[in-house]
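Per-entry structural report
Chain residues, written in single-letter form:
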Amino acid sequence: MSEQPVHTTDVAIIGAGPVGLFAVFECGMLKMKTHVVDALDMAGGQCAALYPEKPIYDIPGYPKVGALELIENLQAQAAPFNPVYHLGQRVEKLVRQDDGWLELETAKGTRIRAKAVILAAGVGAFGPNKPPLARIDEFENKGVHYFVSRREDFRGKRVAIAGGGDSALDWTLSLADVAARVMVIHRRDKFRGAPDTVAKVMDLARDGKIDLVTPYQLEALEGEPGALKHVVLKDLDGNVRKLEADALLAFFGLAMNLGPIAGWGLALHKGNIAVEAATLATSVPGIFAIGDIADYPGKLKLILQGFAEAAMAAHAAHKLVHPGEVLHFEYSTTKGVPG
């Protein structure tokens, strides 16, 4: 098999969440080309994977904006600068070449050479904590789901939701008027969600609009591969209950870690990447970190702060991409964007 060609760009951005997408725009405004890599097969990071239809209230200029709408707008904002996306690929290696360029390689063999790298990897690699059920892999994405992209996918279906935290309760409220039936499974009678959310769920149960199935735990799945029929439960006394269900939404939290990033020689602090507050530079020259993965005194893990960090990192990277070139800062209202 022939080796894949090496892509060359000014800045490689690792992470296609909201902060990574805005970094594309900021780099573009400074005439820097970008390639974007993300382990998920879609842009948007946690906004797209975990809560695409939930509203966000702290984006300046938007009293309320849906997470997916925000991602779509950020992609449209970045589009004039023609970023190249490499989605569904996790970066495994990042090394500095003898000529000073940084080269990264993904698990699929994609290689990208860049003069600077911006890490916008959120919390790092993340994936669902899966319940230890036999045959669960036969039903994944065909009956068993760990994330919800569109609630319309569950219209008219019998949906079992397992979990007692905010994700389980939020989707219970969202799907209650879409699904044919919503059944909430939890090992305890008490839930861990926000008090107001818990109260709303209890009201739905009291009105007979959803079923609370407690205290039970998942025991088994029944059906043909790709066609879930029953979710089997068991309580602490060993009593078994079987629910007819077309879909199981399993919300048991996420397993999060830096993955290969932890082995790249970057200075870490409490599981995040330590950076200089003024430039977002890491301990490795040419590599910057922004968003939730970056740590410095006074850091706030807010999308809006990540947006500011994207601008600061882009300006710092400009010195590496265009050495010796004086950067004349201009406001977007004066400079405009490509047509």
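First, a word on what this report is: a plain description of the structure on this page. All of these numbers come straight from a predicted model, not from anything done at the bench.

Per the counting criterion, the structure on display carries 16 salt bridges. Note that E103 is salt-bridged to R111, the shortest N-O span being 3.0 Å. Comparing E103 with R111, the two get one shared label, buried. Here K200 and D196 are joined by a salt bridge, their closest N and O atoms 3.4 Å apart.

Bringing the nonpolar core into the picture now. Core analysis: the largest hydrophobic core is formed by 64 residues, its most contacted members being L119, I261 and I290. Within the second largest apolar cluster, 20 residues are counted, among which are A160, V213, L218 and L233.

Take the sheet that holds strand β13 (residues 211-213) next. Across the sheet, five strands lie side by side as β10-β17-β11-β12-β13; this open sheet has parallel pairing. If you trace the sheet from one side to the other, it starts and ends with β10 (144-145) and β13, each paired once. Those strands touched by helix α5 (residues 166-175) are β11 (158-162), β12 (181-185) and β17 (247-250), and its axis lies near 160 degrees from that of β11.

Once that is clear, we can look at the environment of P80. With respect to the helices and strands, P80 occurs in the loop between α3 (67-78) and β5 (84-87). Under the relative-accessibility criterion, P80 is labelled partly exposed at 28%. The spatial distance from the C-alpha of P80 to the C-alpha of L94 is 28 Å, given a sequence separation of 14 residues.

Bringing a positive patch on the surface into the picture now. A surface patch of like charges, here positive, comprises R187, R188, K190 and R192. With respect to the helices and strands, the residue R192 is situated in the loop between β12 and α6 (195-206). For R192, a relative accessible area of 49% puts it in the partly exposed group.

Another aspect to go through is the packing of aromatic side chains. For the coordinates displayed, the defined rule picks out four aromatic pairs. Here the aromatic rings of F25 and F81 are separated by 5.8 Å at their centres, their planes lie at 70 degrees, and the arrangement is edge-to-face. Within this pair, whereas F25 is found in helix α1 (residues 18-29), its partner F81 is found in the loop between α3 and β5, the two being separated by 56 residues in sequence. Look at F25 and you get buried, because its relative accessible area is 10%. When the centroid spacing of 5.3 Å and the interplanar angle of 80 degrees are considered together, the rings of F329 and Y331 count as edge-to-face. On the basis of relative accessible area, F329 is assigned to the exposed category, the value being 55%. Members of the aromatic cluster, each reached through a chain of ring pairs, are F22, F25, F81 and F307.

Here we come to the side chain of H86. With respect to the secondary-structure elements, H86 resides in strand β5. The contacts of H86, once residues within four sequence positions are left out, are H7, H35, V36, V37, D38, T110 and I112.

Next up on the list: the sheet that holds strand β19 (residues 268-269). Neighbouring strands of a sheet are bound in pairs by backbone hydrogen bonds; such pairs are parallel or else antiparallel. One open sheet accounts for three strands, arranged β19-β20-β22; its pairing is mixed. In the strand order of this sheet, the two ends are held by β19 and β22 (294-295), each with one partner.

Once that is clear, we can look at a nonpolar patch on the surface. Residues L300, L302 and L304 make up a contiguous nonpolar surface patch of roughly 230 Å² in combined accessible area. With respect to the element layout, L302 can be found in the loop between β22 and α7 (303-321).

What follows is about the packing of α5 against α6. How two helices pack is summed up by the angle between their axes together with the distance between the axes. At a closest axis distance of 10 Å, the pairing of α5 and α6 adopts a crossing angle of 45 degrees. Considered as vectors, α5 and α6 are oriented oblique to each other. Between α5 and α6 lies a crossing of left-handed hand. Note on element contacts: α6 touches α5 through T197, V198, K200, V201 and L204, opposite L169, D170, T172 and L173. Its residues assigned to classes, the contact of α5 with α6 shows five nonpolar, two polar and two charged.

The next thing to look at is the packing of α1 against α3. Contact pair α1 / α3: the axes reach a minimum separation of 8 Å and the direction vectors enclose 20 degrees. Relative to α3, the element α1 is oriented roughly parallel. Every pair of crossing elements has a handedness; the one defined by α1 and α3 is left-handed. Between α1, through P18, L21, F22, V24 and F25, and α3, the contact on the second element is made entirely by I71, L74, Q75, Q77 and A78. Each residue belonging to the contact of α1 with α3 can be placed in one class, and the counts come to eight nonpolar, two polar and no charged.

Structurally, H318 can be placed in helix α7. Judged by its relative accessible area of 2%, H318 is buried. Other than its neighbours up to four places away in sequence, H318 contacts L30, M32, P323, E325 and L327.

Cut-offs used in this document
- Residues numbered from 1 in each chain as written.
- Predicted model: local features only at pLDDT ≥ 70, side-chain atom pairs only at ≥ 80, totals over all residues.
- Heavy atoms only, no water.
- Salt bridge = Lys/Arg side-chain N within 4 Å of Asp/Glu carboxyl O.
- Buried < 20%, exposed > 50% of the residue type's maximum accessible area, 1.4 Å probe, protein only.
- Core = buried A, V, L, I, M, F, W, Y, C linked by side-chain atoms within 4.5 Å.
- Pairing = 2+ DSSP bridges.
- Helix = DSSP H or I, 4+ residues; strand = E, 2+ residues; numbered from the N terminus.
- Contact = heavy atoms within 4.5 Å.
- Axes fitted to C-alpha atoms, helices over the stretch in contact; angles between N-to-C directions.
- Patch = residues over 30% accessible without salt bridge, like charges linked within 9 Å, V, L, I, M, F, W, Y side chains within 5 Å.
- Areas by Shrake-Rupley, 256 points an atom, 1.4 Å probe, with all protein chains shown as cover.
- Lys, Arg positive; Asp, Glu negative; His and termini not counted.
- Charge placed at Lys NZ, Arg CZ, Asp CG, Glu CD.
- Phe/Tyr/Trp six-rings, centres within 6.5 Å; stacked < 30°, edge-to-face > 60°.
- Parallel < 35°, antiparallel > 145°, perpendicular 65-115°, else oblique.
- Left-handed = near helix turned anticlockwise from the far one by under 90°.
- Nonpolar A, V, L, I, M, F, W, Y, C, P; charged D, E, K, R; others polar.

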